[in-house]
Amino acid sequence: MDHLRIEERNLIDRYVRGSMPVAERAEFEEHFVECAACQEQIEFARSFRQAVRESVAERAGSGWRWAALAAAACLAVALAASTVFLLQRQSARSELANLRRPPVVFGLSLSRNAAEPQTIMLPSEPRWMVFVAEIDAARYSRYRAAVVNDTGEELWSQDSIQPNSPDSISVAIPSSRLRPGTYALTVSGAQADGASIVVAHFSLRLVASK
Amino acid sequence: MEIAGSSGAGLVARIRAGELAAEDEFVRCYSRGVSIIIGQSGADPAAAADVYQETFRLALVKIRAGEVRDPERLAGFICGIARNLAIEHFRSAARFKGRHEGEPDRQFPSPEPSQLDRLLRAERARLARRVLAELPSDRDRKILYRFYIEDDEKEDICADLGIGALHFNHLISRARQRYRKIFESMGEGRKT
């Protein structure tokens, strides 16, 4: 394996993202385990990727945590049936143009979701939609979330989501990736071998804003 | 990186001959790479350290016992051990937690980051924001956002935004190099 091929095929970033086929990953690992230059690039790529994600999470983090706490408090007195709490909070100034609008936050609970899909109104303009999913988040260190339509097609997914508490994870989805319809938001625990185990499944009914 | 002047077969032969210096050389040469492989599994630092130790312990046991089928591919041999032990660790941890769930006197490592971890994360995030702010255009920021936040594939990003693969590679590489430069300059106490 030569460095030209590594550069052309973006192997460094694909390895860090965990999006390489098993055979290619093994071949790449056998190369970089003896290559100091590649090791250094991987370490910085991993650090930079994590840093970019953390910078985005931190910007809206205080708002999202406040929303999650408020949602949890409301849940204690809420009645049964599907309930969605829409909480908005001004986010700090963002370097990324499509994050300048404040995110919208939704609480997802397995007990409430079991009866029928939760109705979610899509924002009229592109912005973050943050789903705070109440799950047992202590079993795995990383999670994968995916939005699947009723034909099984995956519309959106994200890997390497870290829990924000032992009993919840936050899933941030750009609203531009979603369309009105009925979907499933699945949360899977990531195993070391690359496989994942579904730990939660939320039914969502997305409707267009009026 | 040469293996300190020794080929894989040479190191295996020296270890089998009982040369302790060769064992030290083996660990030194593969330490960083093995750490990266184990780190990719997402294990917490304590677990990663355990898997790391076990990887080299097991590798040396097998080398001494003549169980390396192809000494020239020593790199592949150690990679395979590291990957398999990381997988096995995850499975064992999941089984252990499942067996002892609900026992009030059991203590499991908290998934919450430590205070130091939070400080490091905040610092990394600050550096990343600086790198993002220094990019010349919103389109460049959008490219990084799609690649690092939405995990979109390079080909899709290039097709959607009408950019070439070279431009994409150059942007990613430039952003990472800038991040690295700022990161390293902070460690040396210099401002850039």
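What counts and how
- Residues numbered from 1 in each chain as written.
- Chains lettered and ligands numbered in written order.
- Predicted model: local features only at pLDDT ≥ 70, side-chain atom pairs only at ≥ 80, totals over all residues.
- Helix = DSSP H or I, 4+ residues; strand = E, 2+ residues; numbered from the N terminus.
- Contact = placed C-beta atoms within 7 Å.
- pLDDT = per-residue confidence, 0-100.
- Buried ≥ 20, exposed ≤ 12 C-beta atoms within 10 Å, placed from the backbone.
- Axes fitted to C-alpha atoms, helices over the stretch in contact; angles between N-to-C directions.
- Parallel < 35°, antiparallel > 145°, perpendicular 65-115°, else oblique.
- Left-handed = near helix turned anticlockwise from the far one by under 90°.
- Pairing = 2+ DSSP bridges.
- Arc of directions from axis to C-beta.
- Core = buried A, V, L, I, M, F, W, Y, C linked by C-beta atoms within 7 Å.
- Expected span 1.5 Å × (residues − 1).
- Bend = angle between axes of the 7 residues up to and from the residue.

A.B. asks: How should I be thinking about the overall build of chain A in this particular structure?
C.D. replies: Counting secondary structure elements, chain A contains 5 helices and 9 strands. Helices and strands in chain A line up, N terminus first, as α-α-α-α-β-β-α-β-β-β-β-β-β-β. Counted over contacts in chain A with a minimum sequence separation of 6, partners at least 24 positions apart contribute 65%.

A.B. asks: Quick question: what am I supposed to make of the interface of chain A and chain B here?
C.D. replies: For interface size, the figure often reported is the accessible area lost on association. Facing the 46 residues of chain A at the interface are 48 residues of chain B. Looking at the side of chain A that touches chain B, the elements with two or more residues in it are helix 2 (11-17), helix 3 (22-32), helix 4 (36-77) and strand 6 (154-161) of chain A. A total of 17 residues in the side of chain A that touches chain B trace back to one element, the largest contributor, which is helix 4 of chain A.

A.B. asks: Can you help me understand the confidence of the model for chain A in this one?
C.D. replies: Caution applies to low-pLDDT parts of the model: their predicted coordinates are not meant to be read in detail. Residue and element names in this part refer to chain A. Here chain A shows a mean pLDDT of 74. Residues at 70 or above account for 74%. Here strand 1 (residues 87-88) stands out as the least confident element of chain A, with mean pLDDT 32; helix 3 is the most confident, with 94. Within the model, the stretch residues 62-100 combines pLDDT values under 50 with 62 contacts to residues more than four positions away or in other chains.

A.B. asks: What's the story with unusual backbone geometry in this structure? I'm lost.
C.D. replies: Working note: non-glycine residues mostly have negative phi, and peptide bonds are mostly trans. Notably, Asn-10 of chain A is not glycine yet its phi reads approximately 50 degrees, a positive angle. With respect to the secondary-structure elements, Asn-10 of chain A resides in the loop between helix 1 (3-8) and helix 2. Judged by local crowding, Asn-10 of chain A falls into the buried class, with 22 C-beta atoms found within 10 Å. With phi around 60 degrees, Asp-151 of chain B is a residue other than glycine that occupies positive phi space. Within the element layout of this structure, Asp-151 of chain B appears in the loop between helix 6 (138-149) and helix 7 (154-161).

A.B. asks: Please clarify how the packing of helix 2 (residues 20-39) of chain B against helix 3 (residues 45-64) of chain B should be interpreted in this entry.
C.D. replies: Helix-helix packing is described using two parameters, namely the angle between the two axes and the distance between the axes. Residue and element names in this part refer to chain B. It is at 10 Å that the axes of helix 2 and helix 3 come closest, and there the two elements cross at 140 degrees. For the element pair helix 2 / helix 3, the angle class is oblique. For the pair helix 2 and helix 3, the crossing hand works out as right-handed. Counted together, Glu-23, Val-27, Val-34, Ser-35, Ile-38 and Gly-39 of helix 2 and Ala-48, Val-51, Tyr-52, Thr-55, Phe-56 and Leu-60 of helix 3 form the full contact between these two elements.

A.B. asks: I'm lost on the sheet that holds strand 3 (residues 118-121) of chain A in this one. Help?
C.D. replies: Note on sheets: strands pair through backbone hydrogen bonds, and any given pair is parallel or antiparallel. Residues and elements named next belong to chain A. Across the sheet, which stays open at both edges, the 5 strands sit in the order 3-9-8-5-6 with mixed pairing between neighbours. A strand with exactly one partner marks an edge of an open sheet, and here the two such strands are strand 3 and strand 6. Going from strand to strand, the sheet's axes swing by 25 degrees on average, the running direction of each strand aside. Sheet topology note: the strand 5 (residues 143-149)/strand 6 ladder contains 5 bridges and is antiparallel. Each residue of the ladder has a partner; that of Tyr-143, found in strand 6, is Ile-161.

A.B. asks: Would you explain helix 1 (residues 8-16) of chain B in this entry?
C.D. replies: An α-helical segment advances 3.6 residues per turn. Residues three or four places apart therefore align on the same side. Three or more residues of helix 1 of chain B are buried, namely Gly-8, Leu-11, Val-12 and Ile-15 of chain B. Considered in projection along helix 1 of chain B, the buried side chains sweep an arc of 100 degrees and stay on one side of the axis.

A.B. asks: I would appreciate a short explanation of the nonpolar core in the present structure.
C.D. replies: What tends to happen in soluble globular proteins is that the nonpolar side chains get buried as a cluster. Ile-78, Ala-82 and Ala-128 of chain B are the most contacted members of the largest nonpolar core, which has 58 residues in total. Sort the elements by how many residues they give to this core and helix 4 (residues 74-99) of chain B lands first, with 10 residues.

A.B. asks: Just checking my understanding: could you explain the packing of helix 1 of chain B against helix 2 of chain B for this structure?
C.D. replies: All names here are of chain B. Relative to each other, helix 1 and helix 2 sit at 140 degrees, their axes nearing to 7 Å. Our classification of the angle between helix 1 and helix 2 gives oblique. Regarding helix 1 and helix 2, the two cross each other, and that crossing is left-handed. For the pair helix 1 and helix 2, the contacting residues are Leu-11, Arg-14 and Ile-15 in the first and Ala-22, Glu-23, Glu-25 and Phe-26 in the second.

A.B. asks: It is not clear to me how helix 2 of chain B should be interpreted in this structure. Could you clarify?
C.D. replies: Residue and element names in this part refer to chain B. The terminal C-alpha atoms of helix 2 lie 27 Å apart, and with 20 residues this matches the ideal 28 Å at 1.5 Å per residue to within 8%. Maximum bend of helix 2: about 50 degrees, positioned at Ser-31. For helix 2, the complete set of buried residues consists of Phe-26, Cys-29, Tyr-30, Gly-33, Val-34, Ile-36, Ile-37 and Ile-38.

A.B. asks: What am I meant to see in the environment of Val-105 of chain A here?
C.D. replies: Considering the arrangement of structural elements, one finds Val-105 of chain A in strand 2 (residues 104-109). Each C-alpha atom, one on Val-105 of chain A and one on Met-129 of chain A, is 6.0 Å from the other, the two residues being 24 residues apart in sequence.

A.B. asks: Teacher, can you tell me more about the environment of Ala-37 of chain A here?
C.D. replies: All names here are of chain A. Following the sequence through the fold, Ala-37 ends up in helix 4. A residue is classified by how many C-beta atoms lie within 10 Å of it, and Ala-37, with 11 of them, is exposed. As for Ala-37 and His-3, which are separated by 34 residues in sequence, their C-alpha atoms are 9.7 Å apart.

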